[in-house]
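Coordinates in review
What follows is the residue order along each chain.
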Amino acid sequence: MPSLKKLIAGNWKMNGSLESNAALIQSILDGDLRADACEVAICVPSVYLHQIQSLTEGKGLYLGAQDVSAHEKGAYTGEVSVSMLKEFGASFVIVGHSERRQFHHESDQLVAIKAERALASGLTPIVCVGETMQERESGATEVIVKRQLAAVIHLVGHCVTEIVVAYEPVWAIGTGLTATPDQAQSVHAVLRAQLKAAAGEGGEKIRILYGGSMNASNAKSLLSQPDIDGGLIGGAALKAADFLSIIASA
Ligand code: PEP
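An account of the accompanying structure is given in this report.

Conventions we followed
Residues numbered from 1 in each chain as written. Predicted model: local features only at pLDDT ≥ 70, side-chain atom pairs only at ≥ 80, totals over all residues. Heavy atoms only, no water. 1 Å grid on protein atoms, 1.4 Å probe; cavity = no way out; pocket = protein on both sides within 12 Å on 5 of 7 lines; lining within 4 Å. Points joined across faces, edges and corners; volume = space filled by probe spheres on them. Helix = DSSP H or I, 4+ residues; strand = E, 2+ residues; numbered from the N terminus. Nonpolar A, V, L, I, M, F, W, Y, C, P; charged D, E, K, R; others polar. Buried < 20%, exposed > 50% of the residue type's maximum accessible area, 1.4 Å probe, protein only. Contact = heavy atoms within 4.5 Å. Core = buried A, V, L, I, M, F, W, Y, C linked by side-chain atoms within 4.5 Å. Near = heavy atom within 4 Å. Polar contact = N/O pair within 3.5 Å; in protein donor to acceptor, adjacent residues only side chain to side chain. Areas by Shrake-Rupley, 256 points an atom, 1.4 Å probe, with all protein chains shown as cover. Pairing = 2+ DSSP bridges. Axes fitted to C-alpha atoms, helices over the stretch in contact; angles between N-to-C directions.

Scanning all chains against the criterion turns up one cavity of 30 Å³ or more. Considered as a void within the structure, the largest cavity measures approximately 40 Å³ in volume. Lining the largest cavity are Gly96, Ser98, Arg101, Cys128, Val129, Gly130, Gln148, Glu168 and Val170. Among the elements of the structure, α4 (98-103) and β5 (124-129) are those that each provide at least two residues to the lining of the largest cavity. Class assignment for the residues of the lining of the largest cavity results in three nonpolar, four polar and two charged.

Spelled out as structure tokens, the structure:
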């Protein structure tokens, strides 16, 4: 497999304030972002993009958002468009996070439309897929993640090589439970095969991140798996020392 730079992406979720953001960003920038080995992104609440953009400009930290509207513009109260995110420096946008699927009832189809909308404007979607504990226990993990990814592949066609995929078992998000490196790798291998079936050898170059309670102590063993090309990190991205230590493992 060609060596890809790992992508370490923080997902701040609905956390932060002007003051705490400034302190967190300063501590991250004071550390080593390992630009030789990885790309580092932080996906922040959209209202803070402008602040973080001005604090990080030219400093090797990519910016991302946590969701985007499926619509281009117009009468969609409360929504934020792809072009707005781009104007404020976003390079990435998370789509289909399990919290959006669960609490906002986002369907595979809607997630796919968001991914397509992002790609059309040059924003890289980080497409999240993952099974619940109940689905895992009933042996449905593979079916679920393949169905979620298939909706995106179906809509974006050959542009699939431009997406990032994040395997995030729902039972591991924010719970302190982590997939073992073997459990994660076996799902990543399924996703890799699906991406290769859609994009040929180009599927090798699509980054598949693992997310779900990744932290300073388990990052190295997860990130050393052959099909784990980075991490999507929630809780540990809010502490500079932990985030930097995950970056150091990449
Ligand atoms: C996430 O929200 O994408 C995530 C992986 O969260 P945590 O690392 O806190 O489990």
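Picking up after the structure, the text goes on.
The calculated volume of the largest pocket comes to roughly 650 Å³. Looking at the lining of the largest pocket, the elements with two or more residues in it are α4 and α5 (108-120). In terms of residue count, the dominant contributor to the lining of the largest pocket is α4 (three residues). By residue class, the composition of the lining of the largest pocket is nine nonpolar, seven polar and seven charged. Estimated volume of the second largest pocket: approximately 220 Å³. Lining the second largest pocket are 18 residues; nearest its centre among them are Gly174, Ser213, Met214, Gly234 and Gly235.

This paragraph deals with the side chain of histidine 188. Structurally, histidine 188 is set in helix α8 (residues 181-199). For histidine 188, a relative accessible area of 0% translates into the label buried. Aside from chain neighbours lying at most four places away, what touches histidine 188 is Tyr167, Ile208, Leu209, Tyr210, Asp227 and Ile228.

By size, the foremost hydrophobic cluster in this structure holds 64 residues, and its most contacted members are Ile8, Ile42, Ile163, Val165, Leu191, Tyr210 and Phe243. With six residues, the single largest contributor to this core is helix α7 (residues 141-156). Setting aside anything within four residues of it in sequence, one finds isoleucine 8 in contact with Cys38, Glu39, Val40, Ala41, Leu223, Gly230, Gly231, Ile233, Phe243, Ile246, Ile247 and Ala250. In terms of nonpolar packing, the next biggest core, distinct from the first, is built from twelve residues, Ala9, Ile94, Ile126 and Val164 among them.

What follows concerns the site of the ligand. The ligand sits among 14 residues. The nearest are Lys13, Glu168, Gly174, Ser213 and Gly235. In this structure, glutamate 168 approaches the ligand through a side-chain N or O atom, which is 2.7 Å from an oxygen atom. Residue glycine 235 places a main-chain N or O atom 2.9 Å away from an oxygen atom belonging to the ligand. When the ligand is considered free in solution it has 290 Å² of accessible area, and contact with the protein chains removes 96% of it.

Within the closed barrel, the eight strands sit side by side as β1-β2-β3-β4-β5-β6-β7-β8. Their pairing is parallel. The mean angle between the axes of side-by-side strands here comes to 25°, regardless of whether they run parallel or antiparallel. Of the strand pairs in this sheet, β5 and strand β6 (residues 164-167) are connected by four bridges, and their pairing is parallel. Bridged to valine 127 within β6 is valine 165. Strand contacts of helix α2 (residues 49-56): β2 (38-43) and β3 (61-65), with the helix running at about 175° to β3, the strand carrying the most contacts.

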